[in-house]
Amino acid sequence: MNLHASDKTDDAALGEARAALRTLRDWAKSVTAIEVAQLDPAIARLLPENEVANYPALARAYPEEFTVDEAYKASLPDLQNGPESLIKGAKRHIQHVGISNFRLPIRFHSRDGGDLRLETSVTGTVSLEAGKKGINMSRIMRTFYTHAEKTFSFDVIEAALNDYKTDLDSFDARIQMRFSFPVKLPSLRSGLEGYQYYDIALELVEKRGKIIKIIHLDYVYSSTCPCSLELSEHARQTRGQLATPHSQRSVARISAQMIAGENCLWFEDLIDICRTAVPTETQVMVKREDEQAFAELNAANPIFVEDAARLFFEGLQADARIGDFRIIASHQESLHSHDAVSILTEGETFVSDSLDPRLFNTLFHVG
């Protein structure tokens, strides 16, 4: 057998290491855990028979005066940006990874020219390549905070998205901002006014270089069953029997894609489209004359859930500022122990063969 010089050197080094390990273990048999920790806590891994459960020699008081310099920061471990060898599980591209529901006050512009500062829940995600371990998620928050004092529009959201996409070296990214938008509405007849709150989400998605801007709106209305209305009238007319049709609180979630280059679609504009399509919006301030008016309004606009979806569709389709859209309607029945639901889409953006199993559960309006 021929041995190269380097092989002999390696064998000698290995022999020295084994000898050193024997010496270390012999020493560890007669020392305390404190002495092991004082030498180097890391060597406890080489000494399974000499457990170091705690390091009494370590400082336990919070170091108030300690400051971090660049050299110290550079020495900190960063597992999320570790090598590909640290990846657990399948090495696959992840479509979205990030943070959800971090909250901050955001200033929004209203149609009448005023500004509103609203508590906003933000979700920010990016794509992650198959060969990357992970992302530093705090960068999404830090990047977003640099834009937080601006009056938000889709242009500002796009700037925030581009910043953290660049910062995290990612191809695709998404931002979604959820908030409750107040609009003062008059009652039907009494002249009173009150604030109606609309659950709205702004979503901006960049995928393969294409930007998609979406407004989501939950519109809450009353739906009177046309069948029940006719049956009640039949009982009155044929038998002199008092009967009332059933109606229920209902929710439509409207998702509308904005057309690039078109005029601004204000939140109030989308609300108006819904109110024109289905005018039986639930009321805020109500006196007796308003309650009677609401009963008359419902009787004049009885709708099945299929009718509601098509009425919303008609209104959305007529607005040139809106591209693809989706309508999800839920009539939360007072007659049945179940709900009546419908989904109607226009275009390819919202087409899906699969439904979130709890999708319709999220349409309950809790006031």
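Residues numbered from 1 in each chain as written. Predicted model: local features only at pLDDT ≥ 70, side-chain atom pairs only at ≥ 80, totals over all residues. Heavy atoms only, no water.

Trainee: Give a description of the environment of V284 that names residues and reports values.
Mentor: Mapping V284 onto the fold places it in the loop between α7 (267-277) and α8 (288-300). Those residues within four positions of V284 in sequence are excluded, and the remaining contacts are G194, Y195 and Q196. (Helix = DSSP H or I, 4+ residues; strand = E, 2+ residues; numbered from the N terminus. Contact = heavy atoms within 4.5 Å.)

Trainee: Report on the pairing of strand β8 (residues 322-331), specifying residues and quantitative values.
Mentor: By the criterion of burial, β8 is predominantly enclosed, with nine of the 10 residues buried. In terms of strand pairing, strand β7 (residues 247-258) meets β8 through eight bridges, oriented antiparallel. Bridged to A252 within β8 is A329. For β8 and strand β9 (residues 340-346), the ladder comprises seven bridges, and the chain directions are antiparallel. What sits directly across from F325, in β9, is E346. (Buried < 20%, exposed > 50% of the residue type's maximum accessible area, 1.4 Å probe, protein only. Pairing = 2+ DSSP bridges.)

Trainee: I'd like to hear about the pairing of β7, residue by residue, with values.
Mentor: Among the 12 residues in β7, 10 count as buried, and that is most of the element. Bridge analysis of strand β6 (residues 210-224) against β7 gives 11 bridges, and the strand direction is antiparallel. Counted as the bridge partner of V220 is V251 from β7.

Trainee: Could you give an account of empty space enclosed by the protein, with specific residues and numbers?
Mentor: Applying the stated rule across the entire model yields one cavity of 30 Å³ or more. The volume enclosed by the largest cavity comes to roughly 60 Å³. Taken together, Q196, Y197, Y198, D218, Y219, V220, E281, T282 and H365 make up the lining of the largest cavity. Breaking the lining of the largest cavity down by element, the ones donating at least two residues are β5 (193-207) and β6. Residues that form the lining of the largest cavity fall into these classes: four nonpolar, three polar and two charged. (1 Å grid on protein atoms, 1.4 Å probe; cavity = no way out; pocket = protein on both sides within 12 Å on 5 of 7 lines; lining within 4 Å. Points joined across faces, edges and corners; volume = space filled by probe spheres on them. Nonpolar A, V, L, I, M, F, W, Y, C, P; charged D, E, K, R; others polar.)

Trainee: Explain the packing of aromatic side chains to me, and be specific about the residues and the numbers.
Mentor: Considering all chains together, one arrives at 11 aromatic pairs under this definition. With a centroid separation of 5.9 Å and 20 degrees between ring planes, the pair formed by Y219 and Y221 is classed as stacked. Classification of Y221 as buried rests on a relative accessible area of 0%. A connected cluster of aromatic rings, assembled from ring pairs, spans F108, F179, F181 and F267. (Phe/Tyr/Trp six-rings, centres within 6.5 Å; stacked < 30°, edge-to-face > 60°.)

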